[in-house]
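Residue-level structure breakdown
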Amino acid sequence: MGDPGRDPEDAPVVTLVLTPTPEGTHMTFELRGVEGTQGDGYYYDGWDSALNALGEHLGGG
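Our subject in this report is the structure included herewith. All values derive from a computational prediction rather than experimental measurement. (Residues numbered from 1 in each chain as written. Predicted model: local features only at pLDDT ≥ 70, side-chain atom pairs only at ≥ 80, totals over all residues. Heavy atoms only, no water.)

Our focus in this paragraph is the overall build of the chain. Scanning the chain from N- to C-terminus turns up one helix and two strands. In the chain, the succession of α and β elements from N to C terminus is β-β-α. Seen through its C-alpha atoms, the chain measures out along the principal axes to roughly 45 × 25 × 20 Å. Looking at the 61 residues of the chain, the share that counts as buried comes to 3%. Put simply, of all contacts in the chain between residues at least 6 apart along the chain, 11% involve residues at least 24 apart. Accessible surface for the chain amounts to roughly 5000 Å². Of this, 53% is attributable to carbon and sulfur atoms. (Helix = DSSP H or I, 4+ residues; strand = E, 2+ residues; numbered from the N terminus. Buried < 20%, exposed > 50% of the residue type's maximum accessible area, 1.4 Å probe, protein only. Contact = heavy atoms within 4.5 Å. Areas by Shrake-Rupley, 256 points an atom, 1.4 Å probe, with all protein chains shown as cover.)

This brings us to the environment of Pro22. Turning to its location among the elements, Pro22 is positioned in the loop between strand E1 (13-21) and strand E2 (24-32). Pro22 sits 13 residues away from Glu35 along the chain, and the two C-alpha atoms are 34 Å apart.

Take the pairing of E1 next. Note: E1 against E2, nine bridges, orientation antiparallel. Counted as the bridge partner of Val17 is Thr28 from E2. Where E1 folds back onto E2 in an antiparallel hairpin, the turn is made up of two residues. (Pairing = 2+ DSSP bridges.)

Turning next to a nonpolar patch on the surface. On the surface, Val14, Leu16, Leu18, Met27, Leu54 and Leu58 cluster together into a nonpolar patch covering about 540 Å² of accessible area. When residues of the nonpolar patch are assigned to their parent elements, the largest contribution, three residues, is made by E1. (Patch = residues over 30% accessible without salt bridge, like charges linked within 9 Å, V, L, I, M, F, W, Y side chains within 5 Å. Salt bridge = Lys/Arg side-chain N within 4 Å of Asp/Glu carboxyl O.)

The subject of this paragraph is the pattern of salt bridges. A complete count under the given rule lists one salt bridge for this structure. Arg32 is the salt-bridge partner of Glu30, the closest N and O atoms lying 3.5 Å from each other. For Arg32, a relative accessible area of 45% corresponds to the partly exposed category.

Now the structure itself:
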């Protein structure tokens, strides 16, 4: 992961979909190509922390 010489087909893929709703904006997050579980201190926890910080910055947290 993160190696510029690595085949891009083997890289993790992050997909974010933002959908407007009457209540605000709904975000769907999908991470493919790596395993992640709550408490792993890596992928899951890193994205969870980053998305929580984003929500707080945008006033939704």
